[in-house]
Amino acid sequence: MSSVEQRQALLEVLRCRRFDTYANLAFEFGVSARTIQRDIQILMCSYPIETVRGRYGGGVRAMTDLSLEGSSSKRTLNAEQTELLVRIRKSLSGSDIDTLDSILSQFAP
């Protein structure tokens, strides 16, 4: 599993559980607690996740508005990228158009 895939899986776990410890997450993903800490630090830049200090109650908490679909960090395309995809779309047919449309819908503002 790549680091990007692991972070995505970590987000899914936190979205479902809302709270977990570094040790438990490290055991579940088969990595060190330090790796989980680094991943959480990276994810905190884009998602509403916070760390909770404490020897017995410490860990990672996902805020109630953690949503992977409607995240405020949703990516957007610039005008040049959008124009290129629109030009490419004209040369497609059938299910390829549907596939490209589904991709474009993920970048809609």
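Residues numbered from 1 in each chain as written. Predicted model: local features only at pLDDT ≥ 70, side-chain atom pairs only at ≥ 80, totals over all residues. Heavy atoms only, no water.

What follows is about the packing of helix α1 (residues 3-17) against helix α3 (residues 33-44). Between two packed helices, what matters for the description is the angle formed by their axes and the separation of those axes. Closest axis-to-axis distance for the α1/α3 pair is 10 Å, and the angle between their directions is 80°. Between α1 and α3, the interaxial angle falls into the category roughly perpendicular. Of α3, the residues touching α1 (which contributes Gln 6, Arg 7, Leu 10, Leu 11 and Leu 14) are Thr 35, Ile 36, Asp 39, Ile 40, Ile 42 and Leu 43. Partitioning the contact of α1 with α3 into residue classes produces seven nonpolar, two polar and two charged. (Axes fitted to C-alpha atoms, helices over the stretch in contact; angles between N-to-C directions. Helix = DSSP H or I, 4+ residues; strand = E, 2+ residues; numbered from the N terminus. Parallel < 35°, antiparallel > 145°, perpendicular 65-115°, else oblique. Contact = heavy atoms within 4.5 Å. Nonpolar A, V, L, I, M, F, W, Y, C, P; charged D, E, K, R; others polar.)

With that out of the way, let us pick up the nonpolar core. Among the nonpolar cores identified, the biggest contains 15 residues, and Leu 10, Leu 14, Leu 25, Ile 36, Ile 40, Ile 49 and Val 60 are the most heavily contacted of them. Breaking this core down by element, the ones donating at least two residues are α1, α2 (22-29), α3 and β3 (59-62). Residues in contact with Leu 25, not counting those within four places in the same chain, are Leu 10, Val 13, Leu 14, Arg 17, Asp 20, Ile 36 and Val 60. (Core = buried A, V, L, I, M, F, W, Y, C linked by side-chain atoms within 4.5 Å. Buried < 20%, exposed > 50% of the residue type's maximum accessible area, 1.4 Å probe, protein only.)

Let us look at unusual backbone geometry. If you check the backbone angles, Arg 18 has positive phi at about 75° while not being a glycine. One can find Arg 18 in the loop between α1 and β1 (19-20).

Another point: the sheet that holds strand β2 (residues 49-52). Spatial ordering of the open sheet is given by β1-β3-β2, a layout of three strands whose pairing is antiparallel. Every interior strand has two partners, whereas the edge strands, β1 and β2, have only one. Examined bridge by bridge, β2 and β3 share four bridges and lie antiparallel to one another. Within the sheet, the bridge partner assigned to Thr 51 lies in β3 and is Val 60. (Pairing = 2+ DSSP bridges.)

Under the definition given, this model contains six salt bridges. Here Glu 12 makes a salt bridge to Arg 15, at a shortest N to O gap of 2.9 Å. Of this pair, Glu 12 and Arg 15 both sit in helix α1, three residues apart, which is roughly one turn of the helix. The partly exposed category is assigned to Glu 12, whose relative accessible area is 32%. The structure contains a network of salt bridges with shared partners spanning Arg 17, Asp 20 and Glu 28. (Salt bridge = Lys/Arg side-chain N within 4 Å of Asp/Glu carboxyl O.)

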